[in-house]
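Report on the structure
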Amino acid sequence: MREIYKQTWGWDEKQQWDDMFSDKSCFLLLVDGDDEVQAYTHYQFTWDDEDEPEYPVLYCYELMVDNTCQGTGLGRILMKSLATIA
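Remember, predicted model here, so these are calculated numbers, not experimental data. (Residues numbered from 1 in each chain as written. Predicted model: local features only at pLDDT ≥ 70, side-chain atom pairs only at ≥ 80, totals over all residues. Heavy atoms only, no water.)

A look at unusual backbone geometry
Although it is not a glycine, aspartate 35 adopts a positive phi angle of roughly 60°. Relative to the helices and strands, aspartate 35 resides in the loop between β1 (25-31) and β2 (37-47). (Helix = DSSP H or I, 4+ residues; strand = E, 2+ residues; numbered from the N terminus.)

A few points about the packing of aromatic side chains
In total, this model carries 2 aromatic pairs according to the counting rule given. With a centroid separation of 5.9 Å and 85° between ring planes, the pair formed by tyrosine 43 and phenylalanine 45 is classed as edge-to-face. With centroids separated by 4.6 Å and ring planes inclined at 75°, the aromatic side chains of tyrosine 59 and tyrosine 61 adopt a geometry described as edge-to-face. (Phe/Tyr/Trp six-rings, centres within 6.5 Å; stacked < 30°, edge-to-face > 60°.)

What to know about the confidence of the model for the chain
Per-residue confidence for the chain averages 88 on the pLDDT scale, and 94% of its residues sit at or above 70. When mean pLDDT is compared element by element in the chain, helix α3 (residues 74-85) scores highest at 97, while helix α1 (residues 2-8) scores lowest at 67. (pLDDT = per-residue confidence, 0-100.)

Given below as structure tokens:
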């Protein structure tokens, strides 16, 4: 994942750490029968605009699905779950 970040937005180790371990961070994990994570999403509740906040929003920072599980609907399940939570 780091390589994708480097190529698109750039990698900032401190920023990544701060985002993942913020008090605002929430996670949904989908695990198999062996407790192996098959997919997850990292999200936070925040405001639509930092300067002039008007509406609370759910911001999805990441949604990852293991290569072996892609195409099985796990990403769709996580997205629907986020919509329900929001």
